[in-house]
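Coordinate analysis (summary)
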Protein chains: 2
Amino acid sequence: MASRTIENYLKQLWLEQQDTRGKYVPMGKLAALVGVTAGTATTMVKAIADSGLAKYAPRAGVRLTKAGEQLALHVLRRHRLLELFLVEVLGIDWSDAHGEAEELEHVISETVLARIDSLLGHPSVDPHGDPIPSSAGKFETLELCSLAELNTGNATVIERIVDQSSEFLRFAQSSGLVPRAQVVIEHTNPQAGAISARPAGKEPVMLSMVAAAKFLVRPCNARRGKRRNRRPVPPVSP
Amino acid sequence: MASRTIENYLKQLWLEQQDTRGKYVPMGKLAALVGVTAGTATTMVKAIADSGLAKYAPRAGVRLTKAGEQLALHVLRRHRLLELFLVEVLGIDWSDAHGEAEELEHVISETVLARIDSLLGHPSVDPHGDPIPSSAGKFETLELCSLAELNTGNATVIERIVDQSSEFLRFAQSSGLVPRAQVVIEHTNPQAGAISARPAGKEPVMLSMVAAAKFLVRPCNARRGKRRNRRPVPPVSP
DNA sequence: TTATTTATTTTGATTACTCAAAGTACATGG
DNA sequence: CCATGTACTTTGAGTAATCAAAATAAATAA
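Quick caveat, the model's predicted, so the values are computed rather than measured. (Residues numbered from 1 in each chain as written. Chains lettered and ligands numbered in written order. Predicted model: local features only at pLDDT ≥ 70, side-chain atom pairs only at ≥ 80, totals over all residues.)

1. Observations regarding the protein's contact with DNA strand D
Taken together, 20 residues surround DNA strand D, and among them A:Ser3, A:Gly39, B:Pro26, B:Gly28 and B:Gly39 come closest. For the surface near DNA strand D, a count of residues per class yields seven nonpolar, 11 polar and two charged. (Near = placed C-beta within 6 Å. Nonpolar A, V, L, I, M, F, W, Y, C, P; charged D, E, K, R; others polar.)

Laid out in structure tokens, this is it:
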């Protein structure tokens, strides 16, 4: 069994390497994500690599092996099921659920997890719309585009929000920009780098392109032309 | 904040010193309860005593201070609320709940605990009938007597079971000897050291005096005469 | 190319917890 | 009153995780 420390390293590593086919995660990045100094990360990563869960290339970075990915996905599954459980069953605030789950994910047993899973009806996404890996370690993510890619007049449904910070989630909720909400793009102003989005039955909300990019939507009537990325926003949510 | 290790020491200490007004808990006893060697317990207890949570008397033993008791009661509250929650809400088996709660009790936040408490309707006892300390750290225990103290023909209701082992709990459940169950004493045989008890609507069950003493009941029509203890069975349940 | 900045690794030390084994105090039985 | 066994404490050592600071390598600027 991996210690909770190692589980955290694996989870962060997975989230970080997720959208970078084959690239190594630099030490400094990982250290910042886990919240330790670079020296500590180096030592831990070498130990993790020794146990076969990652490949470590000195001065280049680190990358999970298949085994490491599987373990990381199990941690992620626990995390996201717990988040949904905390929100749906215990009525914990959306913006607090992430932090709470961060602790619980390392101590919950398989038995309890299975009960939670069935109580929630084997859900496929957590409260932020992030996909929940299956118990077999399969992970499926929808091809979504972001609010930032839509034209004026487009109408869509928010599927996912890729920012876990309490502050951003509180803002999103108070504006009505939550998963499952219908939204119409009222104005786009590429020059000002901002758009105006109106959630059904709510006031229009001003969003910078950076903020808009955090809302993934469907269907995706993306404007043609200069779409720089096929997958516009890396899924950064733990 | 006390580490989970220290929380465990405090909890065990509280349970052990509970019914012994003023007596010190011997090191060996504590070590066995926590599951460490005696040397380890000595070192830890000295550290705990230094932080003001216990009084340590070399070669005599250790005893919680008021501050230590308060902390222990908060751990116990978390443990017992979690046990009830696991059984009532998640449908976890009665006999497994204890072990699961043992882990969770050290990571659950005040916020989540408060939600669990209100979801359960601010309960006063856990699934074994053990009292749940209040959030203010108050602990109230009913004056109960045990099945072992009743005469043939007496009828009572089981209030509490003072053994947390999975095996015993499985036996109790399968016999129908669960909290809230009505029971009639069919025979008592002090010579053989055994009694026969019949739960309402079930087959009679043979119990040794030791086993019978683990079931606390009410009302208590105790037989007169040689009752050795006012509080017959020390509450040993974590 | 050389110098400087930046990222990374190494080193040495620390904290919290643990054990095994050696040493010590004490009650108890002869 | 001595001898002995049991419970307890001390000692020395180990593991897991961490940090600060020194050393090193690579990238960038001059």
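2. Some details on the pairing of strand β5 (residues 182-189) of chain B
All names here are of chain B. As paired elements, strand β4 (residues 155-161) and β5 share three bridges and run antiparallel to each other. Counted as the bridge partner of Val-157 is Gln-182 from β5. Relative to strand β6 (residues 194-199), β5 runs antiparallel, the two being bridged by six bridges. Counterpart to Thr-188 in the pairing with β6 is Ile-195. Between the end of β5 and the start of β6, which pair antiparallel, lie four residues, with Gly-193 showing a positive phi angle near 65 degrees. (Pairing = 2+ DSSP bridges. Helix = DSSP H or I, 4+ residues; strand = E, 2+ residues; numbered from the N terminus.)

3. Points about the sheet that holds strand β4 (residues 155-161) of chain A
Sheet architecture is open: six strands sit in the order β3-β8-β4-β5-β6-β7 (chain A), paired in antiparallel fashion. Looking along the sheet, the strands with just one partner apiece sit at the ends: β3 (145-146) and β7 (205-208) of chain A.

4. Here we look at the relation of the copies chain A and chain B
For the match of chain A to chain B, the screw axis carries a shift of 0.1 Å, the RMSD comes to 0.1 Å, and the turn is 180 degrees. When the rotation and shift are considered jointly, the pair of chain copies conforms to a two-fold rotation axis. Across chain A, the rotation axis passes nearest the C-alpha of A:Leu104, at a separation of 3.7 Å. Comparing interface residues between copies, 100% of those in chain A also sit at the interface in chain B, which points to an isologous, same-surface contact. (Least-squares fit on C-alpha atoms with pLDDT ≥ 70 in both. Contact = placed C-beta atoms within 7 Å.)

Taken by themselves, the reported measurements are silent on function.
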